Amino acid sequence: MGYQDLREFVRVLRENGELVEIGESLSPCYEIGAALRYLDRRSGKAVLFTNVAGYNCPVVGNLLGNSKRLALALEVEPEHVLEEFKTRTQQLIKPVVVSKGPVQEVVYSADNDLLKVIPALTHHEKDAGPYLTSALVVAVDPDSGERGMGIHRILIKDKNNIGLFLYNPPIGAYFRKAEQRGKPLDIAVVLGVDPALFLASIASDQKGKLNKFEMAGGLKGAPVELVPAAGNGLEIPAYAEFVLLGQVLPGIRESEGPFGESSGYYLTYDNPVAIIHTIMHRQDPLYHALMPYNRENSLLLNLVWQSSYGTTLKKEIPQLTDFRLTSVLGMCALLQIRKTAEGQPKEILEHVLKSNPLIKSAVVVDTDVDLSDLEEVSWAISTRFQPHRDLLVLNDMTGYPLDPSAENSVTSKWGIDATKPLGKEDLFEKVEVPQPAMQKVAGILQRGIPPGRSPEARGE
Ligand SMILES: Cc1cc2nc3c(=O)[nH]c(=O)nc-3n(C[C@H](O)[C@H](O)[C@H](O)COP(=O)(O)O)c2cc1C
């Protein structure tokens, strides 16, 4: 169960018609990013670049950029991705440590030049340089010795110097603990892993309650295999494409950016720096590219946040029957409810808008509106919402730091009640095609249209 490595997942994407190959020579500076952006907005497929200018290493990108590929990653039907993600990330399976793995096939020590080996992309026009955007940073908690990981943006500054944005737990917390003791933090930067490991790295660890390696095991249905990384006491994924070993230095902050972020804007921070002392990779490695401001990024973050925040909201709001996050960075919440009283949707809107700085807007609809279909949500707004009556605006709220319109993180928020008024069921009854007819037709069309029955075949 699960995929052993990135290569196996790429093979499955190809077999399922979800991968295009580009053989023309493209530069990692802007051109591969441009192709990822272009295809994200058009075919929506994953892409394998086999001819990367200046490198012998192919690049694969837009890997998890639609719900079909997320479903392939978890080996479920697209409509079950969210539920499976929630369930399996709670079914923890501990990793196993094995003595050797393919990631150790080629090893370079000290004084290496990262950019000679890794085709890191420069994504956006004003980016400070090439960035690793799919890197799992692995480290050990200086207090408990527990192993943790997370995805963190990494600027390659020169030969073996990197700048890292270590904000989120657990790695951000590990570094702050090491720094308080005046000690460097040993890290492994892991590139190119199977989709379960990648998805677990961005999952919420629920304030340290869950271990992301164990969540990866749950997602995969099998333990993650790790190998000891010689020299620093860390254990690293045995089937990764690349691993860089190094140390984050205490007491140092340097400008890291501008970097075109997932919000669609450039951001620069004063961030920690690390020195890489060892590079290891598999024979013929494959580099995993991730375009920061693409549909893929929003899908990934929305999946993670829907899973953790949606579980909390279900407990708090008994009428809630479905919940989605949409828009860039999940800033718009869609709520489907079984309404039992007038006024209830506005109370729910107020609760949701006040409960999380991330959520800037929210829409409440009835159970006959499918939240996975934004056209249906828009239909409900157009036909059930009256602005003078159903719009809620909240001022002076704590906003999301990545929203540039929220000055000093202070924002206004809005909510839309797009539910039907109670007692007017006749007027608001949604047209439906009878279910038996839909099921019969779906059965026929899923098998493909029988040959010889098309208008052309009938000579029409
Ligand atoms: C593509 C991508 C890039 C990310 N980059 C960073 C980063 O540079 N620094 C960071 O601290 N967190 C980054 N994260 C977020 C974390 O991985 C985090 O684990 C995730 O938001 C979990 O949710 P939580 O913060 O609610 O626990 C990134 C997430 C994704 C999907």
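None of the values given here were measured: they were computed from a predicted structure.

Observations concerning the overall build of the protein chain
Across its full length, the protein chain carries 13 helices and 23 strands. For 460 residues, the compact-globule estimate of 2.2 N^0.38 gives 23 Å, and the C-alpha radius of gyration of the protein chain, at 24 Å, lies within 12% of that figure. Its C-alpha atoms give the protein chain principal-axis dimensions of roughly 75 × 65 × 40 Å. Out of the 460 residues in the protein chain, the part that is buried amounts to 52%. Pairs at least 24 residues apart make up 70% of the contacts formed inside the protein chain by residues separated by at least 6 positions.

Some remarks on the sheet that holds strand β12 (residues 225-229)
Strand order in the open sheet formed by three strands is β4-β12-β13, with mixed pairing between adjacent strands. One side of each edge strand has no neighbouring strand; the edge strands of this open sheet are β4 (96-97) and β13 (234-237). Here β12 runs beside β13; their pairing, made up of four bridges, is antiparallel. From the neighbouring strand, Leu-226 faces β13, where its bridge partner is Pro-237.

Let's talk about the nonpolar core
Within the largest apolar cluster, 56 residues are counted, with the highest numbers of intra-cluster contacts made by Leu-64, Leu-199 and Val-243. If one sorts the elements of this core by residue count, helix α7 (residues 195-202) sits on top with six residues. With residues near it in sequence (within four places) discarded, Val-243 still touches Val-103, Ala-188, Val-189, Val-190, Ile-236, Thr-278, Ile-279 and Met-280. Val-52, Val-189, Phe-242 and Ile-279 belong to the second largest nonpolar core, which has 43 residues in total.

A look at the site of the ligand
Taken together, the neighbourhood of the ligand is formed by 15 residues, with Ile-151, Arg-153, Phe-165, Tyr-167 and Asn-168 sitting nearest. A distance of 2.6 Å separates an oxygen atom of the ligand from a polar atom in the backbone of Arg-153. One nitrogen or oxygen atom from the side chain of Lys-212 is found 3.2 Å from an oxygen atom belonging to the ligand. Where the shell around the ligand is concerned, the elements lending two or more residues are α7 and α9 (295-316). Here the shell around the ligand gets three residues from one element, more than from any other, and that element is α9. When its residues are assigned to classes, the shell around the ligand shows eight nonpolar, five polar and two charged.

Observations concerning the domain arrangement of the protein chain
Quoted interface sizes are often the accessible area lost when the parts come together. Taken domain by domain, the protein chain comprises domain 1 (66-282) and domain 2 (317-417). Each partner contributes to the interface: domain 1 provides six residues, whereas domain 2 provides five residues. Contact with domain 2 buries surface across domain 1, with Ser-262, Ser-263 and Tyr-265 losing the most and accounting together for 66% of the total. Here domain 1 is connected to domain 2 by zero salt bridges. Between the two partners, domain 1 and domain 2, sit zero residue pairs in polar contact (both at pLDDT 80 or more).

Regarding the packing of helix α1 (residues 6-15) against helix α3 (residues 67-74)
At a minimum axis separation of 11 Å, α1 and α3 run at an interaxial angle of 130°. For the element pair α1 / α3, the angle class is oblique. Crossing of α1 against α3: the hand is right-handed. Judged by residue contacts, Phe-9, Val-12 and Leu-13 of α1 engage Arg-69, Leu-72 and Ala-73 from α3.

Description of the packing of aromatic side chains
With the rule as written, the count across this model stands at five aromatic pairs. When the centroid spacing of 4.2 Å and the interplanar angle of 40° are considered together, the rings of Tyr-131 and Phe-259 count as tilted. Here Tyr-131, found in strand β6 (residues 131-132), pairs with Phe-259, found in strand β15 (residues 254-260); they are 128 residues apart in sequence, far enough to count as distant. Both residues of the pair, Tyr-131 and Phe-259, count as buried.

Side note on the side chain of Ser-307
Within the secondary structure layout, Ser-307 lies in helix α9. The exposure class assigned to Ser-307 is buried, which follows from its relative accessible area of 8%. When neighbours within four sequence positions are excluded, Ser-307 is seen to be in contact with Leu-82, Phe-85 and Lys-86.

Considering the state of the cysteines
Two cysteines, two sulfur atoms, one covalent bond between them: this is a disulfide. Counting across every chain of the model gives zero disulfides. No disulfide involves Cys-29; its sulfur sits 17 Å from the nearest other cysteine sulfur, which is in Cys-57. Taking the relative accessible area as the measure of exposure, Cys-57 reaches 6% and is therefore buried.

With respect to the environment of Pro-258
Along the polypeptide, Pro-258 turns up in strand β15. Once the C-alpha coordinates of Pro-258 and Lys-126 are considered, the two residues, 132 residues apart in sequence, prove to be 6.5 Å apart. Apart from the residues lying within four places of it in its own chain, the contact partners of Pro-258 are Lys-126, Asp-127, Ala-128, Tyr-131, Tyr-266, Leu-267 and Thr-268.

Considerations on the pairing of strand β7 (residues 136-140)
In terms of burial, β7 is largely enclosed, as four of its five residues are buried. Strand direction decides the pairing type here: β7 and strand β8 (residues 147-151), joined by five bridges, are antiparallel. By the bridge assignment, Val-138 is partnered in β8 with Met-149. Hairpin connection, β7 to β8: the antiparallel pair is bridged by six residues, and Gly-145 has positive phi, about 80°. Pairing of β7 with strand β11 (residues 185-191), which is carried by three bridges, proceeds in the antiparallel orientation.

Observations regarding α3
Burial analysis of α3 places six of its eight residues in the buried class, the great majority of the element. Put simply, Asn-66 is the residue that caps the front of α3, since its side-chain oxygen is 3.2 Å from the backbone nitrogen of Lys-68. Positive phi appears at Glu-75, one or two residues downstream of α3, with a value of about 55°.

Side note on the environment of Leu-64
Relative to the helices and strands, Leu-64 is located in the loop between β3 (59-61) and α3. For Leu-64, a relative accessible area of 3% puts it in the buried group. Each C-alpha atom of the pair Leu-64 and Gln-91 lies 22 Å from the other, and the pair is 27 residues apart in sequence. Setting aside anything within four residues of it in sequence, one finds Leu-64 in contact with Phe-9, Arg-69, Leu-70, Ala-73, Phe-198, Leu-199, Glu-296, Leu-299 and Leu-300.

Definitions and cut-offs
Residues numbered from 1 in each chain as written. Predicted model: local features only at pLDDT ≥ 70, side-chain atom pairs only at ≥ 80, totals over all residues. Heavy atoms only, no water. Helix = DSSP H or I, 4+ residues; strand = E, 2+ residues; numbered from the N terminus. Rg over C-alpha atoms; globule rule 2.2 N^0.38 Å. Buried < 20%, exposed > 50% of the residue type's maximum accessible area, 1.4 Å probe, protein only. Contact = heavy atoms within 4.5 Å. Pairing = 2+ DSSP bridges. Core = buried A, V, L, I, M, F, W, Y, C linked by side-chain atoms within 4.5 Å. Near = heavy atom within 4 Å. Polar contact = N/O pair within 3.5 Å; in protein donor to acceptor, adjacent residues only side chain to side chain. Nonpolar A, V, L, I, M, F, W, Y, C, P; charged D, E, K, R; others polar. Domains from an automatic or database assignment. Buried area = accessible area lost by both parts, 1.4 Å probe. Salt bridge = Lys/Arg side-chain N within 4 Å of Asp/Glu carboxyl O. Axes fitted to C-alpha atoms, helices over the stretch in contact; angles between N-to-C directions. Parallel < 35°, antiparallel > 145°, perpendicular 65-115°, else oblique. Left-handed = near helix turned anticlockwise from the far one by under 90°. Phe/Tyr/Trp six-rings, centres within 6.5 Å; stacked < 30°, edge-to-face > 60°. Disulfide = S-S within 2.5 Å.

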